[in-house]
Amino acid sequence: MSGNANQERPSRMWLGRVLTSAGFLTPEWAPAFAAVPRAAFLPDTIWPFDMDTGKARTVARSEDPATWHEYADSDVPIVTQWDDGVEAFEVDGSGKADRAPGRVATSSSSMPSVVFPMLNDLDLQDGNKVLEIGTGTGWTAALMAYRVGLKNVVTMEVDSSVAQQANASLNAIGMPLRVLTGDGFQGCPEEGPYDRIIATCGIRSVPAAWLQQSRPGGLIVAPWGTRYGYGDAVVRLVVAEDGQSATGPFLRPVEFMKARAQRFTPQDHAQYVDNPSAHNSRTATSIPETEFLGDRFSPQRFVLGLKLRDCTHVVAEKADGRRPLWLYSLSDRSWACVAFRDGEPAKVWQSGFRRLWEEALAAYEWWVEQGRPGYERLGLTVTAEGQQAWVDDPANSWQL
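First, a word on what this report is: a plain description of the structure on this page. (Residues numbered from 1 in each chain as written. Predicted model: local features only at pLDDT ≥ 70, side-chain atom pairs only at ≥ 80, totals over all residues. Heavy atoms only, no water.)

1. Digging into the packing of aromatic side chains
Next, step 1: One pass over the structure, following the stated rule, counts 16 aromatic pairs.
Next, step 2: With centroids separated by 5.8 Å and ring planes inclined at 85°, the aromatic side chains of Phe 116 and Trp 139 adopt a geometry described as edge-to-face. Taken together, the residues Phe 116 in helix α4 (residues 112–122) and Trp 139 in helix α5 (residues 139–148) connect sequence positions 23 residues apart. Here Phe 116 matches Trp 139 in class, with each residue buried.
Next, step 3: Arranged with centres 5.2 Å apart and planes meeting at 50°, the rings of Phe 292 and Trp 357 form a pair that is tilted. In this pair, Phe 292 sits in helix α9 (residues 289–293) while Trp 357 sits in helix α11 (residues 356–369), placing the two residues 65 residues apart along the sequence. This pair shows no difference in class: Phe 292 is buried, exactly as Trp 357 is.
Next, step 4: One aromatic cluster is present, formed by Phe 292, Phe 340, Trp 357, Tyr 364 and Trp 367 through successive ring pairs. (Phe/Tyr/Trp six-rings, centres within 6.5 Å; stacked < 30°, edge-to-face > 60°. Helix = DSSP H or I, 4+ residues; strand = E, 2+ residues; numbered from the N terminus. Buried < 20%, exposed > 50% of the residue type's maximum accessible area, 1.4 Å probe, protein only.)

Okay, structure coming up:
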């Protein structure tokens, strides 16, 4: 691999110390971190996500290299593509046009504090053959190749322009990996079988192709979630000796851009609420908002997604002590709205053949009865026929 003059920037060294002290960067991955700079895989214009404001800002290396490098060496997610590559521009007061953030982030460089724990989960061993789904910038593939060798890493990217940029960055740094353009859900059978498969995009189901292309005892690591919400959890599956199934625990919450084959279009509120039904009802609940909702990474939200089939939800911004929760059925036009209000019982409205609030309440009560399990007590089993979630043991499972 060729050298890089920016590898020894103080900000990079500081990031390495922060990641190490927090336990994210382990001794096994420290040499790869030192040798493979994230900055080498970022385009001239990036959109780092400001964790304080919750917004992305536009930063161009050609115009502000100091700020660009500061973000490259920070533990923040950086958007590298919006709206599948559709350009957007904004004009400042001087009449100068800048590339503005778009509507939907569609490719990025994940936070280092997310990347390295997932690489630890992969438990790479010398000589392991790895398939990565979701090349993105190419940084993660390069880190893995530094560990196991260029010939042992195959990476797939669905977006041809993203794949071309990653390939150029890998070649520029002296790491000519095999970058394939295609649907990662089909895998790459001609390069298999694989000891490890890792997805760096959020998925809603594990495709049978990944099982078929894994060696017995191989590992599949991926951010997995349900259509109930946008959140994911890292799952670590061990492929059975017969190659017909894989099972393993969820490890921790994360949030990744979703694989394009499994993107979920938000429901049109008007299609539900404007649809007349003879099943309208109004009730109330005494469950506090904080108990039922928690925050966006709370395990009860994840459990609701595991227990509520064909359902999604939207939590509105809180205003004047009031926060509505909307539930939408994905199998018909049933809906429910729970209006949480500080210091008062929440009012509940429902419509449709599904009683979504009762379903959600039953799922929440199940979580409480099970001792409020966190992610570490929950798991997933995958076969060619489908997926099952479980608590504590794969024997305690239910169909998803």
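2. Observations concerning the nonpolar core
Next, step 1: Core analysis: the largest hydrophobic core is formed by 57 residues, its most contacted members being Trp 210, Trp 224, Phe 250 and Phe 292.
Next, step 2: Among the elements that take part in this core, α11 stands out by supplying seven residues, more than any other.
Next, step 3: Grouped together as the second largest cluster of nonpolar side chains are 37 residues, Phe 33, Met 111, Leu 119 and Ala 141 included. (Core = buried A, V, L, I, M, F, W, Y, C linked by side-chain atoms within 4.5 Å.)

3. Some points on the pattern of salt bridges
Where charged atoms from two side chains of opposite charge approach closely, those side chains can pair.
Next, step 1: Across all of its chains, the model carries 19 salt bridges by this definition.
Next, step 2: For Lys 318, the salt bridge identified is with Glu 289, shortest N-O distance 3.2 Å. Note that Lys 318 is positioned in the loop between β16 (311–315) and β17 (322–329) and Glu 289 in helix α9, a separation of 29 residues in sequence.
Next, step 3: The partner of Arg 377 in a salt bridge is Asp 392, with the nearest N and O atoms 2.8 Å apart. (Salt bridge = Lys/Arg side-chain N within 4 Å of Asp/Glu carboxyl O.)

4. Focus: the pairing of strand β14 (residues 245–254)
Next, step 1: With five bridges joining them, strand β13 (residues 232–239) and β14 adopt antiparallel strand pairing. For Val 239, the partnering residue across the bridge sits in β14 and is Ala 246.
Next, step 2: In this sheet, strand β20 (residues 378–383) lies alongside β14 in antiparallel orientation, the contact comprising five bridges. Looking across to β20, one finds that Ala 246 is bridged to Val 382. (Pairing = 2+ DSSP bridges.)

5. Concerning unusual backbone geometry
Next, step 1: Looking along the chain, the bond that leaves Gly 192 and enters Pro 193 is cis, with omega of 0°.
Next, step 2: Of note, Asp 84 is a non-glycine position whose phi angle comes to about 55°, a positive value.
Next, step 3: Inspection of the secondary structure puts Asp 84 in the loop between β4 (78–82) and β5 (89–91).
Next, step 4: Look at Asp 84 and you get partly exposed, because its relative accessible area is 35%.
Next, step 5: The phi dihedral of Asp 310 falls on the positive side, at around 50°, and the residue is not glycine.
Next, step 6: If you trace the backbone, Asp 310 turns up in the loop between α10 (299–307) and β16.

6. Quick notes on the sheet that holds strand β21 (residues 386–391)
Next, step 1: Across the sheet, which stays open at both edges, the 10 strands sit in the order β10-β9-β8-β11-β12-β13-β14-β20-β21-β22 with mixed pairing between neighbours. Two strands in the sheet have a free side with no partner beyond their single neighbour: β10 (178–181) and β22 (397–399). Neighbour to neighbour, the strand axes of the sheet diverge by 20° on average, direction disregarded.
Next, step 2: Of the pairings in the sheet, the one linking strand β9 (residues 153–157) to β10 comprises four bridges and is parallel in character. Bridging from a neighbouring strand, Val 154 pairs with Arg 178 of β10.
Next, step 3: On the sheet, helix α6 (residues 160–172) packs against β9 and β10 and is oriented at approximately 170° with respect to β10. (Axes fitted to C-alpha atoms, helices over the stretch in contact; angles between N-to-C directions. Contact = heavy atoms within 4.5 Å.)

7. Focus on the sheet that holds strand β19 (residues 344–351)
Next, step 1: Spatial strand order, β15-β19-β18-β17-β16: five strands in an open sheet with antiparallel pairing. The sheet is open, and its two edges are formed by β15 (281–285) and β16, each paired on a single side. Adjacent strand axes in the sheet meet at a mean angle of 20°, parallel and antiparallel pairs treated alike.
Next, step 2: The pairing of strand β18 (residues 335–341) with β19 spans six bridges and is classified as antiparallel. When the sheet's bridge partners are listed, Ala 336 is paired in β19 with Gln 350.

8. With respect to α4
Helical geometry note: an α-helix holds 3.6 residues per turn, so side chains three or four residues apart project in the same direction.
Next, step 1: The buried fraction of α4 amounts to 10 of the 11 residues, a majority that puts the element mostly inside the structure.
Next, step 2: For α4, the complete set of buried residues consists of Pro 112, Ser 113, Val 114, Val 115, Phe 116, Pro 117, Met 118, Leu 119, Asp 121 and Leu 122.
Next, step 3: Of the residues one or two after α4, Asp 123 is the one with positive phi, at around 50°.

9. Here we look at the side chain of Glu 289
Next, step 1: Here Glu 289 falls in the buried class, since its relative accessible area comes to 14%.
Next, step 2: A polar contact of 3.2 Å, which involves the side chain of Glu 289, links it to the side chain of Lys 318.
Next, step 3: When sequence neighbours within four positions are dropped, the list of residues in contact with Glu 289 reads Gly 294, Lys 318, Arg 323, Phe 340 and Asp 342. (Polar contact = N/O pair within 3.5 Å; in protein donor to acceptor, adjacent residues only side chain to side chain.)

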